[in-house]
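Summary of the model geometry
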Amino acid sequence: MEEHADTRKTRISRCTRGKPAIYQWIGQPIKSENEFPTPLEIGNHFANIIAKDKFISGALTYYSYEAFRMRIATAIAAKIKHASLGMLAAGSDVVPLASAGHRPLFEIRWEARYAYLRGGATVHIRQYVGEPSTKPNLILGLHTHEKQVAGSPAEIRILQNAQISIAIQLFEQWQGAQTCKQ
């Protein structure tokens, strides 16, 4: 059954229902010895990207690099674990993606202030997940990124919508593959 656009604001994510669900990463390839990467492998992958960006921009020193990277990796892994256990808070940790239209996509949000960064900057991380109606016990990890918060509200929205577009495309590809299997 397809969800309608007018119900997207009232959708409740599986990440908030207090019941475990199966989490599968289907986004960009991540090195793993398993079919699907573990939460820590996902965390390490994106922590490497974020830490490298912070180092190159001068916000992170060589001496703080590894400690910061490890903190980000464990934060991402913990958020994924909490999502798979249905332990996230609706409205603050997880919101329906309005720009996804009728698609059952959600944004998992979190941010943390890190003393490792110059000025104790805050890092805003977003992960987009899909919850296909054909698989009621599945959460699909689609895309993770650091949200850019510098610029005008319009500029920030444009940058984030580009990231959301990646998640939408991955979800649609997954749905197409499922249709072909039937």
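Being a predicted model, the structure only gives us computed values, none of them experimental. (Residues numbered from 1 in each chain as written. Predicted model: local features only at pLDDT ≥ 70, side-chain atom pairs only at ≥ 80, totals over all residues. Heavy atoms only, no water.)

Attention now goes to helix α2 (residues 65–84). For α2, which comprises 20 residues, the first-to-last C-alpha distance of 29 Å matches the rise-based estimate of 28 Å (1.5 Å per residue) to within 8%. Residues F68, R69, I72, A73, I76, A77, K79, I80, A83 and S84 constitute the buried set of α2. Along the long axis of α2, the arc covered by the buried residues comes to 165 degrees, so they all point the same way. Against β1 (22–25), α1 (39–57), β3 (105–113), β4 (122–130) and β5 (138–146) lie the buried residues of α2. (Helix = DSSP H or I, 4+ residues; strand = E, 2+ residues; numbered from the N terminus. Expected span 1.5 Å × (residues − 1). Buried < 20%, exposed > 50% of the residue type's maximum accessible area, 1.4 Å probe, protein only. Arc of directions from axis to C-beta. Contact = heavy atoms within 4.5 Å.)

For the rest of this paragraph, the subject is the nonpolar core. C15, I42, F68, I72, I76, I108 and V123 are the most contacted members of the largest nonpolar core, which totals 28 residues. Counting residues per element, this core draws most heavily on α2, which supplies six residues. For I72, the residues in contact, after removing those within four places along its chain, are A47, I50, Y114, V123 and I125. Core analysis: the next-biggest nonpolar cluster, separate from the first, contains 13 residues, L97, L105, Y128 and L140 among them. (Core = buried A, V, L, I, M, F, W, Y, C linked by side-chain atoms within 4.5 Å.)

Let's shift gears to the sheet that holds β1. Reading across the sheet, the five strands line up as β1-β5-β4-β3-β2 and stay open at both edges, with mixed pairing between neighbours. The open sheet has two edge strands with one neighbour each: β1 and β2 (94–96). Each adjacent strand pair in this sheet contributes to an overall mean axis angle of 30 degrees, direction not counted. Relative to β5, β1 runs parallel, the two sharing four bridges. Its bridge partner being in β5, Q24 is matched across the sheet by L140. Together, β1, β3, β4 and β5 form the strand contacts of α2, whose direction differs from that of β3 by roughly 145 degrees. (Pairing = 2+ DSSP bridges. Axes fitted to C-alpha atoms, helices over the stretch in contact; angles between N-to-C directions.)

These results come straight from atomic positions and should not be treated as a statement about function.
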